[in-house]
Amino acid sequence: MKTALLVIDAQESFRHRPFFTERDLPAYLAAQNALIAGAQAAGMPIVRIFHVDGPQVPQNPFSLESGAVRPLDGLGPFEAAATFHKSRHSALVGTGLEVWLNRNAIQRLIVSGIRTEQCCETTTRHAADLGYTVDFVTDATLTFDMVQPDGTPLPAADITARTATVLKDRFARLCTPAQALEPALLAT
């Protein structure tokens with residue numbers, strides 16, 4: 001089964017948001033970079049997806065004019081098999097990604113990137129509904145603390161746990177970077 005690694009929204013734009021913190025960044029980058037290196041070693045296509053949205057002015061970090069829609073500092077270098085810009089949560093809406101996956105006979109996706117519960121989870125659900133086999137590498141996703149509607153803090157670790165709970169065995173297989181790469185490495 002041909003596999004592609006999706007690196008979703010791993011971009012500098014997030015450093016310009018008030019909720020951004022470096023707290024979980026080193027662990028995320030280690031896992032994300034392990035996936036990238038493993039995919040490169042296996043000859044697996046790596047797809048880069050950037051979120052581009054809102055006013056196209058330099059002050060908006062999610063606009064191309066800002067200069068922040070570029071790979072996150074610390075992310076391992078890779079030559080993307082394809083790069084897509086999205087303006088919705090799912091990387092499969094309005095980007096051409098699904099067409100590219102079909103043209104390249106991709107049947108299995110490894111999902112990684114930023115934010116765990118938003119674009120990574122939404123893309124995972126959408127891909128599963130379209131019939132793709134999906135591996136969700138929780139360690140290679142990053143999110144940030146939030147505040148619940150009642151004002152109670154919601155730690156990033158709890159958000160990640162919730163996402164893992166709702167995706168597991170319904171929409172995706174939860175796995176480590178090594179587990180996600182194993183089928184592709186066995187095929188080489």
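Structure shown above.
Residues numbered from 1 in each chain as written. Predicted model: local features only at pLDDT ≥ 70, side-chain atom pairs only at ≥ 80, totals over all residues. Heavy atoms only, no water.

Caption draft 1: A look at the environment of Thr 133. Along the chain, Thr 133 falls in strand S5 (residues 133–142). Between the C-alpha atom of Thr 133 and that of Met 1, which follows or precedes it by 132 residues, the distance is 9.3 Å. Those residues in contact with Thr 133 that sit more than four places away from it in its chain are Met 1, Gln 107, Arg 108 and Leu 109. (Helix = DSSP H or I, 4+ residues; strand = E, 2+ residues; numbered from the N terminus. Contact = heavy atoms within 4.5 Å.)

Caption draft 2: Quick peek at the packing of aromatic side chains. Going through the model one piece at a time under the given rule, you end up with 4 aromatic pairs. Ring plane angle 85° and centroid distance 5.2 Å describe the contact between Phe 14 and Phe 62, whose orientation is recorded as edge-to-face. One end of the pair, Phe 14, is in the loop between strand S1 (3–8) and helix H1 (25–42); the other, Phe 62, is in the loop between strand S2 (46–51) and strand S3 (82–86), and 48 residues separate them in sequence. Judged by relative accessible area, Phe 62 falls into the buried class, the value being 6%. On the basis of an interplanar angle of 40° and a centroid distance of 5.3 Å, the ring pair of Phe 19 and Phe 144 is categorised as tilted. Of this pair, Phe 19 sits in the loop between S1 and H1 while Phe 144 sits in the loop between S5 and strand S6 (146–147); the two residues are 125 residues apart in sequence, bridging distant segments of the chain. (Phe/Tyr/Trp six-rings, centres within 6.5 Å; stacked < 30°, edge-to-face > 60°. Buried < 20%, exposed > 50% of the residue type's maximum accessible area, 1.4 Å probe, protein only.)

Caption draft 3: Up close: the pairing of strand S4 (residues 108–114). Of all 7 residues in S4, 7 are buried, a share of seventy percent or more. With 6 bridges joining them, S1 and S4 adopt parallel strand pairing. Across the sheet, residue Leu 6 finds its bridge partner in S4, namely Val 111. As defined by bridge partners, S4 adjoins S5 across 6 bridges and the pair is classed as parallel. By the bridge assignment for S5, Ile 114 is matched with Leu 142. Crossover connection from S4 via helix H3 (residues 116–129) to parallel S5: handedness right-handed. (Pairing = 2+ DSSP bridges. Right-handed = clockwise from strand over helix to strand, strands pointing away.)

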